Each structure stands twice: as structure tokens, then as C-alpha cells.
Amino acid sequence: MSEIIIKGTVNKLIAKILRGAHKKCERRKHKDIKSALSYIRYHFRETITMEEMAQKLHITPGYFCRCFKEYTHQTFKEYVMTLRLDYAMRQIKTTDKSVTEICYESGFSTCAYFSKVFTKRFG
């Protein structure tokens, strides 16, 4: 009977250890994604890639992609695109800059692509 009690106690301890490790991993994952979001918000007008962000966090691109989507409910590309388009819309509304200037200033590499995605988003 004591052997069964010992096995049960050991199993409970292992479960607690694993739960604690999982919670620690989740906290680190969220901290990493928050750090990435902060970096992206500051650098969205530059060329930034998912691979570059994963490298900065010392994780694989696939893991970064899954964690990012889980946390933001958007892909990395969608998130960056949203920041760029929102910035472009603010610039169009508040400045006298040309659409071409705003396009490049917002981080887009071509005016044709900017026009396509801007029209799709805002009509």
C-alpha cells in the first residue's frame, strides 16, 4: 500500500513541476512577444522580417510565428501592414505630403502595392 502512496505522491510532484515550468514558459513567451510588438511599433516603417524578429528573440521563425498569432490574433505580416496603413492614413489626413512620399515614408517599397492594399483596406 505504501508503494502506491509513494508513486501517487511522486506523480503529483511531477505534475506540479511541469505546470510550473509551463507557466514560466508562457510568461516568457508573452514577454518576448510584447518586446517584439514594441520593437515593431517603433520600426514598422523600416524593412523588418519575421525571421529578423525571431533571431532577435533567439527563437525559431516558426515558433515566433505561432506565438505572435496566438498573442495578437494576426500574422506578423498583417500586423505590420496594419501599422503602415494606419500611419499612411494619418499622414494623408494631417499633412500636405504627396501620396508617393507617404507611401515610401510608411514603409512600402512600391506605390502600386501601396495603392492596392490601401484601397482594399479603406476603399
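Residues numbered from 1 in each chain as written. Predicted model: local features only at pLDDT ≥ 70, side-chain atom pairs only at ≥ 80, totals over all residues. Heavy atoms only, no water.

### Topic: the overall build of the protein chain
- Counting its regular elements, the protein chain contains six helices and zero strands.
- What you see in the protein chain, going N to C, is helices and strands ordered as α-α-α-α-α-α.
- Evaluated residue by residue, the protein chain yields a buried proportion of 29% over its 123 residues.
- Put simply, 56% of the contacts in the protein chain that link residues at least 6 apart link residues at least 24 apart.
- Of the roughly 8800 Å² of accessible surface on the protein chain, 59% is carried by carbon and sulfur atoms. (Helix = DSSP H or I, 4+ residues; strand = E, 2+ residues; numbered from the N terminus. Buried < 20%, exposed > 50% of the residue type's maximum accessible area, 1.4 Å probe, protein only. Contact = heavy atoms within 4.5 Å. Areas by Shrake-Rupley, 256 points an atom, 1.4 Å probe, with all protein chains shown as cover.)

### Topic: helix α2 (residues 50–57)
- The complete set of buried residues in α2 reads Met53, Ala54 and Leu57. Relative to the axis of α2, the buried residues are bounded by an arc of 100° and lie together on one face. (Arc of directions from axis to C-beta.)

### Digging into the confidence of the model for the protein chain
- For the protein chain, the mean per-residue pLDDT works out to 86, and 83% of the residues sit at or above 70.
- Across the protein chain, helix α4 (residues 76–94) holds the top mean pLDDT of 96, while helix α1 (residues 2–43) sits lowest at 72. (pLDDT = per-residue confidence, 0-100.)

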